[in-house]
Amino acid sequence: MNKIYWTHFIHNEWQLYMAATANGLCYVGSPSKPYEEMEAWLTKHFPKYELVENDEALTVYTNEIKEYLDGKRRDFHMPVDLKGTPFQLSIWDALMKIPYGEKTSYSKVADMINNPSAIRAVGAAIGANPVLIKIPCHRIVAKNGALTGYRGGLEMKEKLLTLENGEM
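Residues numbered from 1 in each chain as written. Predicted model: local features only at pLDDT ≥ 70, side-chain atom pairs only at ≥ 80, totals over all residues. Heavy atoms only, no water.

- The name an unreviewed UniProt entry assigns to the protein is methylated-DNA--[protein]-cysteine S-methyltransferase, from the organism Psychrobacillus glaciei.
- Database annotation for the protein, UniProt heading Sequence similarities (unreviewed entry): "Belongs to the MGMT family." (UniProt positions renumbered as here; feature names shortened; annotations may be inferred.)

Some details on the domain arrangement of the protein
And then number 1: The domains assigned to the protein are domain 1 (2-70) and domain 2 (86-165).
And then number 2: Here the C-alpha centroids of domain 1 and domain 2 sit 21 Å apart.
And then number 3: Contact with domain 1, which involves 15 residues of that partner, is made by 14 residues of domain 2.
And then number 4: Taken over both partners, the interface formed by domain 1 and domain 2 buries close to 1200 Å², and the fraction arising from carbon and sulfur atoms is 68%.
And then number 5: On the domain 1 side of the interface with domain 2, the three residues burying the most area are Trp14, Val28 and Tyr68, jointly 47% of the side's total.
And then number 6: Linking domain 1 with domain 2 are one salt bridge, by the criterion used here.
And then number 7: Lys159 serves as the salt-bridge partner of Glu13, at 3.9 Å between the closest nitrogen and oxygen.
And then number 8: Taken together, the links from domain 1 to domain 2 amount to five residue pairs in polar contact (both at pLDDT 80 or more).
And then number 9: If you list the elements that add at least two residues to the side of domain 1 that touches domain 2, you get β2 (14-21), β3 (24-28), α1 (35-45) and α2 (59-69).
And then number 10: Broken down by element, the residue count for the side of domain 1 that touches domain 2 peaks at four residues, all from β3. (Domains from an automatic or database assignment. Contact = heavy atoms within 4.5 Å. Buried area = accessible area lost by both parts, 1.4 Å probe. Salt bridge = Lys/Arg side-chain N within 4 Å of Asp/Glu carboxyl O. Polar contact = N/O pair within 3.5 Å; in protein donor to acceptor, adjacent residues only side chain to side chain. Helix = DSSP H or I, 4+ residues; strand = E, 2+ residues; numbered from the N terminus.)

Regarding the pairing of strand β1 (residues 2-11)
And then number 1: As defined by bridge partners, β1 adjoins strand β4 (residues 49-53) across five bridges and the pair is classed as parallel. By the bridge assignment for β4, Lys3 is matched with Glu50.
And then number 2: Here seven bridges tie β1 to β2, and the two strands are oriented antiparallel to one another. Bridging from a neighbouring strand, Ile10 pairs with Gln15 of β2. (Pairing = 2+ DSSP bridges.)

Describing unusual backbone geometry
And then number 1: A positive phi angle, close to 50 degrees, is found at Asn12, a residue other than glycine.
And then number 2: With respect to the helices and strands, Asn12 occurs in the loop between β1 and β2.
And then number 3: Here Asn12 falls in the exposed class, since its relative accessible area comes to 59%. (Buried < 20%, exposed > 50% of the residue type's maximum accessible area, 1.4 Å probe, protein only.)

Here's the deal with the side chain of Asp81
And then number 1: With respect to the helices and strands, Asp81 occurs in the loop between α2 and α3 (86-95).
And then number 2: With relative accessibility at 9%, the residue Asp81 sits in the buried group.
And then number 3: A polar atom in the side chain of Asp81 sits 2.6 Å from the side chain of Thr21.
And then number 4: With residues near it in sequence (within four places) discarded, Asp81 still touches Thr21, Asn23, Gly24, Leu25, Cys26 and Phe46.

Regarding the nonpolar core
And then number 1: Core analysis: the biggest nonpolar cluster contains 39 residues, and Met18, Ile91, Leu95, Val122 and Ile133 have the highest contact counts within it.
And then number 2: When residues are assigned to domains, this core turns out to be shared by domain 1 (2-70) and domain 2 (86-165), each giving three or more.
And then number 3: When near neighbours in sequence (up to four residues on either side) are disregarded, Met18 contacts Tyr5, Trp6, Thr7, Phe9, Leu25, Tyr27, Val28, Met38, Leu58, Tyr61, Thr62 and Ile65.
And then number 4: Listed in part, the 11 residues of the second largest apolar core include Tyr17, Cys26, Met38 and Leu42. (Core = buried A, V, L, I, M, F, W, Y, C linked by side-chain atoms within 4.5 Å.)

Below, the structure written as structure tokens:
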């Protein structure tokens, strides 16, 4: 049976669950959410995998996330193992092209994938992002600049944007 390794990442005020397959990071959870949230998501999207706690197996991922949260990393080099529809995958790929410290709108993401009328679908795909931080959906704001929904919560979104703008 294939394995998904997971860890409970704790760094400064950050606490979240992370998981990876042999192919890459597949899940970064919301802060302070329970193990069961990660377990339910992984069981649904990786049904034939066994979940195994293994902090060491995730060191390459946790190190990059720590460096990012400490303001010492702007780009990630870690591989990802994403499960989603072709549309979701195209959105997540577009999100990874948004530069560190920049914000953009849902409509601009729709334009990035050459589907300007798909704003609501773009929002749904962004909301389904399984790898918070690495796939920077926190950089997406409303057209008027307001912070809008974020799976990690608006407090996390605001912290990440503040970090990227050098205000911490």
